[in-house]
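# Remarks on the overall topology
Chain by chain, the residues:
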Amino acid sequence: MNTVILGALWGDEGKGAVVHHLSKNFDWVIRFNGGANSGHTIYRDRVKYVHSLLPSADFRNEKIKCFLGSGMVIDPNQLLGEIVEASRTFPKVGERIYVDPDVVIVTQEHKDHDRRKNGHIGTTNRGIGPAYVSKVSRSAVRLRNVDPDEDVIAHLRHYGVKFMTPLDLKEELLNSNLLFEGAQGVMLDVNHGTYPFVTSCDCTVGGVLASGFGFVGIGEILGVTKCYVTRVGEGPFPTEATDIRVAGMIREVGHEYGAVTGRDRRVGWLDLPALRYACEKTGISGLVLTKNDILAKVDEEIPVCIGYDKTPTSFSDFFDAKPKYLTVYPWEKADLSDESFRTFIGLIESYVGVPVKYVTDGVDENSFRSLET
Ligand code: IMP
Ligand code: MG
């Protein structure tokens, strides 16, 4: 069943690990939005890898192909760098990488502009916003318009990278199992996130269609959230922890530092109104709850936001939201046999109206568990 994995909140929910684990059940892993602003952290045989442009496919499995869709914005030199790096462990990995030639190019000017003008948003300075500005203002360069003799394109071809659109691959894609890997999260979406403190692309399922995959059909949309929440960069964060001691502890135990920029992530509590808003906006049909081992290490009651003074129906409602909390007991093991954890899952499901289908811990790639019976 074709499946879309989305960040449900402000990114960094652990999508990389989820995609990595699930990818063995799929023929293709497809990125459709964002660019090198994302940092998808993967633990493979307990070694840490961070992919920014490459999909988080399990490269140990040689049957999985990767696609970079036209809804992304790509710096070809950065892509080459990631492929060269991955090739050290997986020598022929480039042959499994397909890039839509209609994708928009990120240039050095885009990055310079980002650094000069977008500090107040706390962007990643990867030129993402300015590249999307070029796109919508109809002045962008698409990959297919880059001189094929340019070094970087020649190098990508040398590594085996292919340049094809989804329709060039139509027959194969229609007969394949597709896993779409979203970047960032619904609350950073340019339409429905906390505008203007957002990224510049579609972080909802809309991005899959924006990349031209309307012909394949989508079976399931999984939203990924941690059992607490983090946010990097500026902007509203209704459930941000006010106790800097607890926030600092979770940041340290959960390694909550930006994968791309190294910045401290802001830490807060699970925000059920925001989660329900995100699920409803983008049609999430199942949740994946990650990093459950981190709160198991916290030795005090855990706040969960179970409502604001007003139910959010617009991005603007997050700017002055007044959260109400309930506390739950920390669990020993993120397992349904643990009563505290069961209570926590029950609270999420009853408030959000979407089942929690999978749970996973942080670093251990074997900790992924299905809750479906
Ligand atoms: P930009 O995407 O670099 O333009 O940054 C816009 C906002 O989105 C900033 O607050 C960034 O910190 C945030 N952001 C962008 N990409 C990610 C991501 O992959 N994870 C978390 N936050 C992100
Ligand atoms: Mg990240």
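Residues numbered from 1 in each chain as written. Chains lettered and ligands numbered in written order. Predicted model: local features only at pLDDT ≥ 70, side-chain atom pairs only at ≥ 80, totals over all residues. Heavy atoms only, no water.

### A word on the overall build of the protein
On a plain count of helices and strands, the protein comes out with 11 helices and 18 strands. Its C-alpha radius of gyration of 20 Å places the protein within 12% of the 21 Å reference for a compact globule of 373 residues. Oriented by its inertia axes, the alpha-carbon framework of the protein measures out at about 60 × 45 × 35 Å. The buried share of the protein, reckoned over its 373 residues, is 56%. (Helix = DSSP H or I, 4+ residues; strand = E, 2+ residues; numbered from the N terminus. Rg over C-alpha atoms; globule rule 2.2 N^0.38 Å. Buried < 20%, exposed > 50% of the residue type's maximum accessible area, 1.4 Å probe, protein only.)

### Looking at the site of ligand 1
Taken together, 16 residues form the shell around ligand 1, and within it D12, N37, T124, T199 and R263 come nearest. A distance of 2.9 Å separates an oxygen atom of ligand 1 from a polar atom in the side chain of N37. A distance of 3.4 Å separates an oxygen atom of ligand 1 from a polar backbone atom of G122. Protein coverage of the free-state accessible area of ligand 1, which is 470 Å², stands at 97%. Among the residues forming the shell around ligand 1, the class breakdown is 5 nonpolar, 9 polar and 2 charged. (Near = heavy atom within 4 Å. Polar contact = N/O pair within 3.5 Å; in protein donor to acceptor, adjacent residues only side chain to side chain. Areas by Shrake-Rupley, 256 points an atom, 1.4 Å probe, with all protein chains shown as cover. Nonpolar A, V, L, I, M, F, W, Y, C, P; charged D, E, K, R; others polar.)

### A few points about a negative patch on the surface
A cluster of acidic residues, D147, D149, E150 and D151, forms a negative patch on the protein surface. Mapped onto the secondary structure, E150 falls in the loop between helix 4 (128-136) and helix 5 (151-158). For E150, a relative accessible area of 39% gives the class partly exposed. (Patch = residues over 30% accessible without salt bridge, like charges linked within 9 Å, V, L, I, M, F, W, Y side chains within 5 Å. Salt bridge = Lys/Arg side-chain N within 4 Å of Asp/Glu carboxyl O. Lys, Arg positive; Asp, Glu negative; His and termini not counted. Charge placed at Lys NZ, Arg CZ, Asp CG, Glu CD.)

### Comments concerning the sheet that holds strand 10 (residues 178-181)
Strand order in this open sheet of 10 strands is 9-7-5-2-10-1-11-14-17-18, and the pairing throughout is mixed. Edge positions in the sheet fall to strand 9 (162-163) and strand 18 (369-370), since each has one partner strand and no second. The pairing of strand 17 (residues 356-359) with strand 18 spans 2 bridges and is antiparallel. The partner of Y358 across the bridge, within strand 18, is S370. (Pairing = 2+ DSSP bridges.)

### Focus on the pairing of strand 1 (residues 3-7)
In terms of burial, strand 1 is a largely internal element, 5 of the 5 residues being buried. One ladder, built from 5 bridges, connects strand 1 with strand 11 (residues 220-226); its direction is parallel. Considered in strand 11, the bridge of L6 is made with G223. As judged from the 3 bridges shared by strand 1 and strand 10, these two strands associate in the parallel manner. If you follow I5 over to strand 10, its bridge partner there is E181.

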